[in-house]
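# Geometric and topological summary
The primary structure of each chain is shown beneath.
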Amino acid sequence: MTRALLLAALAAPLMLAGAVHAQSMAQSAPRPLPPGPSTWDQHRYQADQHRYEMDRLRQQNDRREAATRQLQLEGRQTRLELDQQRTTAPSTAPLPPVRSVEEQRAAREAATRRRETTADRVGEIDAWLDRRPN
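Residues numbered from 1 in each chain as written. Predicted model: local features only at pLDDT ≥ 70, side-chain atom pairs only at ≥ 80, totals over all residues. Heavy atoms only, no water.

## Quick look at the overall build of the chain
- A tally of regular secondary structure across the chain gives three helices and zero strands.
- A total of 134 residues make up the chain; the buried ones form 1% of that total. (Helix = DSSP H or I, 4+ residues; strand = E, 2+ residues; numbered from the N terminus. Buried < 20%, exposed > 50% of the residue type's maximum accessible area, 1.4 Å probe, protein only.)

## Structural notes on a nonpolar patch on the surface
- Residues Ile125, Trp128 and Leu129 make up a contiguous nonpolar surface patch of about 360 Å² in total accessible area.
- Within the fold, isoleucine 125 resides in helix H3 (residues 101-129). (Patch = residues over 30% accessible without salt bridge, like charges linked within 9 Å, V, L, I, M, F, W, Y side chains within 5 Å. Areas by Shrake-Rupley, 256 points an atom, 1.4 Å probe, with all protein chains shown as cover. Salt bridge = Lys/Arg side-chain N within 4 Å of Asp/Glu carboxyl O.)

## Here's the deal with the pattern of salt bridges
- Counted by the stated rule, this structure contains five salt bridges.
- A salt bridge links glutamate 53 to arginine 56; the shortest N-O distance between them is 2.6 Å. Separated by three residues within a single helix, glutamate 53 and arginine 56 lie in helix H2 (residues 39-86), roughly one turn from each other.
- A residue is classified by how much of its surface remains accessible, and arginine 56, at 42% relative accessible area, is partly exposed.
- Put simply, arginine 58 and aspartate 55 hold a salt bridge, and the shortest N to O gap is 3.5 Å. Pair noted here: arginine 58 and aspartate 55 are both in helix H2, with a separation of three residues, about one helical turn.
- Assessed through its relative accessible area of 49%, arginine 58 is described here as partly exposed.

## Description of the confidence of the model for the chain
- Residues with a pLDDT of 70 or more make up 73% of the chain, whose mean pLDDT is 81.
- Summarising per-element confidence for the chain, the mean pLDDT is lowest in helix H1 (residues 2-27) (63) and highest in H2 (92). (pLDDT = per-residue confidence, 0-100.)

Encoded structure:
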C-alpha cells in the first residue's frame with residue numbers, strides 16, 4: 001500500500017506536467033496573420049524607396065559639385081593673388097659698370113690666390129687628421 005501511494009505521489013506531477021504541456025502546444029499553434037499589403041503595393045513601396053534614394057544621391061552629388069566649383073574658384077583666385085604679389089616692379093637702379101680687361105684679370109688672380117691659400121690651410125688640417133696615432 002505504501003508502495004502504491006509512493007508511486008501515485010511520483011506519477012501525479014508527471015501526468016499533470018504532460019497535460020499542461022499538451023495544452024500549451026495546442027494554444028501555440030500559429031494564428032493566421034492579418035492581411036498585409038498586396039504584392040502590387042509592396043513593389044510600389046520599394047519603387048518609392050528607390051526613387052527617394054536616387055533623389056538623395058543626386059542632391060548629394062549636386063552639393064559636391066557645387067563645393068568643387070567653389071574650391072576651384074577660390075584656388076584660382078589665390079593663385080592670381082600670389083602671382084600678383086610675386087611680380088616685382090622693374091628695378092630702376094643702374095647696372096654695375098663693366099670692368100676693364102685689367103680689372104677682370106686682377107680679380108681672377110686674387111680669387112686664385114684665395115683658393116690656393118684656403119687649400120693649403122685645409123691640407124694642413126687634413127694631414128694632421130690623417131696622422132698615425134701613437
